[in-house]
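This is what each chain is made of:
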Amino acid sequence: MPPTTPYAGKFSTCVPYSNNNNHPQPHSPYRSGTAPKPSKENNIYNGGYSAAENPYDIPQPHCSYRSSSVSSVATKEQHHHYNNNNGSCSENPYASSPQPRSPQQHSSSCPGRAHRHTSSTTTTTSSSSGSGSEQSCRNNAAPGKTRFYGHGITASYGEMCYHDNSLVSASLEALIQHLVPTVDYYPDRSYVFTFLLSSRLFLHPYELMTRVCHLCVEQQRSGDALLDKIRFREVAPKLVQLLTEWTETFPYDFRDERMMRCLKDMTHHVARGDEYSWRAMQQMTQRLIKRLSALGQYEEAVAALNAVAAERPAALKSKQASGQRSDILSVCDDPFVLAQQLTHIELDRLSFIGPEEFIQTFAMKDPLENHKGFFRKRKTSNLEAYVNWFNRLSFLVATEICMPVKKKHRARIIEFFIDVAQECFNIGNFNSLMAIITGMNMSPIARLKKTWSKVNTDKFEILEHQMDPSSNFSNYRTALRGATQRSETAHSSQEKIVIPFFSLLIKDIYFLNEGCSSRLANGHINFEKLWELAKQVSEFLVWRQVVCPFDRDRRILQYLVTTPVYTEDELHLASYESEGPENNMEKDSRRSLRSSLLHRENRS
């Protein structure tokens, strides 16, 4: 029977594998001969994809802004290690980590910056940043007054409202103006990231870029051509810096031809005033084109791999013919190695997800959005591809369990995947961990009572306990905090790995958006919400830029991403063939599935 306990197990009963690179790999109990070993070469996948060009054989352009700007949004916590190098585990390696403090709200640079573009200033004091800031914004045309309501200072500078020197709300026009650099001003980098990320909730990126560039140029006009040239030469490096941060952090915005035309126009404009800035613009454009080219190659290769995986060979259509098909143990019989290869795939696919894709998943829901055509065109394809990978891994696990004819072979594969899941947990690969647990809990697998009776489920119950969805995944969130703190104080590249349960991350961002209004009653943008969205997305950017330290094994990788898997109906039918129906309902279900699948085969 599959585990049915209410997750009462304690992780102290589990002895994790060491995740130290210097530690020898554990002996595999599944080794039945000479299994292929991971390749020691440093090349990528060694051309392992026969269907198309290796989608991951693409050099990633260095992005200095991501590492610096993200750190300004995510707060460093106290040092903590959950890695146990001696191979013993006396307690949950994550559970002992303290609750991290909430990051400080970020100031959007000098509040006086907004004051230079407004006509009135009001300062009040309030005990909260919500209602107090709203009130101060509504009264920003009134004479300045100071009132004391406990603690905290709320100030209005024209159409921008601050609480304790942190921007909490503003009009859209004021936010756009606040993004525009001048000779003596450049916006705070956390503000640049936050506004570029969430501005697409309110206007098209092309419209934002056009307005920012126009304002930057117009602010230098004085009526004197020579003076205008001198003034623009002084501000040009800051404009180039802003565009560089935009292209490096949100490069996919520039798949829009209008964005590229606007960038080209600004390059010509900069060339007339400052040769140094013009060269910087040229280099920036070259890096952008390289990144977009890599993205296009990746998307084409993933599409080709999915097409190969969608083929339905005869060996997959019949359990009797399963001997013609390789199983996972014939490709890799070491759980530690398989967990490493899964981590490669996870990090490779994470690296191509743009931060703006999280926002665009719900951007069309905003009733103020007037550019829905853009969001229909700009799909969240890389985010969706990553979610599809999670589903594929779950079905691959279920397929591998259902394929063997003999019960003892099915039990051995179940135990193997339990060990792989444990290795994923030790590495910090929570997405693959959850995909494996999901696959093993599918109803076609859960009903295999005779098979489960041959399996020691103690470790599986412990892993399920770690990913228990009760209390909003509190156990998992504790483990994730521990992994994050280990990453921040890492002494090796392996300790830096944090791969979150991705569907839950998307869910958290979705409910953050749904639970908070984007606009306040006075029409201002709720910038506190934008800070929180940026905080969550910035953590993801830190995680995705980690380079996987493990050796690649092209045979294992190709098997994981291309081998065909059962559909849901095929899984149910294979389950009934493994262990016959137990009641009339299951008998009717098997009869219906056989008829349905036979009809589909005849039509194809």
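### Some words on the overall build of the protein
- Across its full length, the protein holds 26 helices and five strands.
- Counting only residues that meet the buried cut, the protein has 55% of its 604 residues in that class.
- Excluding contacts between residues fewer than 6 apart, the proportion of contacts in the protein whose partners are at least 24 apart in sequence is 79%.
- Element-wise, carbon and sulfur atoms account for 51% of the exposed surface of the protein, whose accessible area totals about 26300 Å².

### Comments concerning a nonpolar patch on the surface
- Among the surface-exposed residues, Leu226, Leu227 and Ile230 lie close enough to one another that they form a single nonpolar patch of about 270 Å² accessible area.
- One can find Leu227 in helix H7 (residues 225-249).
- Classification of Leu227 as partly exposed rests on a relative accessible area of 38%.

### What to know about the packing of aromatic side chains
- All told, the structure shown has 18 aromatic pairs when counted by the stated rule.
- Centroid distance Phe425 to Phe430: 6.0 Å. Interplanar angle 85 degrees. Geometry classified as edge-to-face. Here the two residues Phe425 and Phe430 agree in accessibility, since each one is buried.
- Between Phe502 and Phe540, the ring centres sit 6.2 Å apart and the planes meet at 55 degrees, which makes this aromatic pair tilted. Here Phe540 lies in helix H23 (residues 527-544) and Phe502 lies in helix H22 (residues 502-515), a separation of 38 residues in the sequence. For the pair shown, Phe502 and Phe540 are each scored as buried.
- Among the aromatic residues, ring-to-ring pairing joins Phe390, Phe425, Phe430, Phe473, Tyr476 and Phe501 into one connected group.

### Re the nonpolar core
- In this structure, Phe358, Met440 and Phe502 are the most contacted members of the largest nonpolar core, which totals 141 residues.
- Among the elements that line this core, the one with the most residues is helix H16 (residues 407-427), at 11 residues.
- Those residues within four positions of Met440 in sequence are excluded, and the remaining contacts are Val397, Ile401, Ile414, Phe417, Ile418, Ile445, Ala446, Trp452 and Phe460.

### Let's talk about the pairing of strand E3 (residues 160-163)
- Neither face of E3 is exposed, since Met160 and Tyr162 on one face and Cys161 and His163 on the opposite face are all buried.
- Judged from the four bridges that link them, strand E2 (residues 153-157) and E3 form a sheet pairing that is antiparallel. Bridge assignment links Tyr157 to a residue of E3, and that residue is Met160.
- What sits between E2 and E3 in their antiparallel hairpin is a turn of two residues, with Gly158 showing a positive phi close to 65 degrees.
- As defined by bridge partners, E3 adjoins strand E4 (residues 166-170) across four bridges and the pair is classed as antiparallel.

### A word on the pattern of salt bridges
- Under the criterion given, the structure shown has 15 salt bridges.
- Here Asp256 ties to Arg258 by a salt bridge, and the two come within 3.1 Å at their closest N and O atoms.
- On the accessibility criterion, Asp256 (9% relative accessible area) is buried.
- The class of Arg258 is partly exposed, set by a relative accessible area of 32%.
- Glu582 is the partner of Lys449 in a salt bridge, and the nearest nitrogen-oxygen pair spans 3.5 Å.

### Details of the confidence of the model for the protein
- Residues at a pLDDT of 70 or more form 70% of the protein, whose mean pLDDT is 76.
- Taken element by element, the protein is modelled with least confidence in helix H3 (residues 131-138), mean pLDDT 36, and with most confidence in helix H17 (residues 430-440), mean pLDDT 98.
- Every residue in residues 1-150 scores below 50 in pLDDT, and together they form 343 contacts with partners more than four places removed in sequence or on other chains.

### Some remarks on the environment of Lys496
- Looking at where Lys496 falls in the secondary structure, it is placed in the loop between helix H21 (470-488) and H22.
- Residue Lys496 is classed as partly exposed on the basis of its relative accessible area of 40%.
- Dropping the residues within four chain positions of it, Lys496 is found in contact with Ser487, Ala490 and Val546.

Each value, and the rule that gives it
Residues numbered from 1 in each chain as written. Predicted model: local features only at pLDDT ≥ 70, side-chain atom pairs only at ≥ 80, totals over all residues. Heavy atoms only, no water. Helix = DSSP H or I, 4+ residues; strand = E, 2+ residues; numbered from the N terminus. Buried < 20%, exposed > 50% of the residue type's maximum accessible area, 1.4 Å probe, protein only. Contact = heavy atoms within 4.5 Å. Areas by Shrake-Rupley, 256 points an atom, 1.4 Å probe, with all protein chains shown as cover. Patch = residues over 30% accessible without salt bridge, like charges linked within 9 Å, V, L, I, M, F, W, Y side chains within 5 Å. Salt bridge = Lys/Arg side-chain N within 4 Å of Asp/Glu carboxyl O. Phe/Tyr/Trp six-rings, centres within 6.5 Å; stacked < 30°, edge-to-face > 60°. Core = buried A, V, L, I, M, F, W, Y, C linked by side-chain atoms within 4.5 Å. Pairing = 2+ DSSP bridges. pLDDT = per-residue confidence, 0-100.

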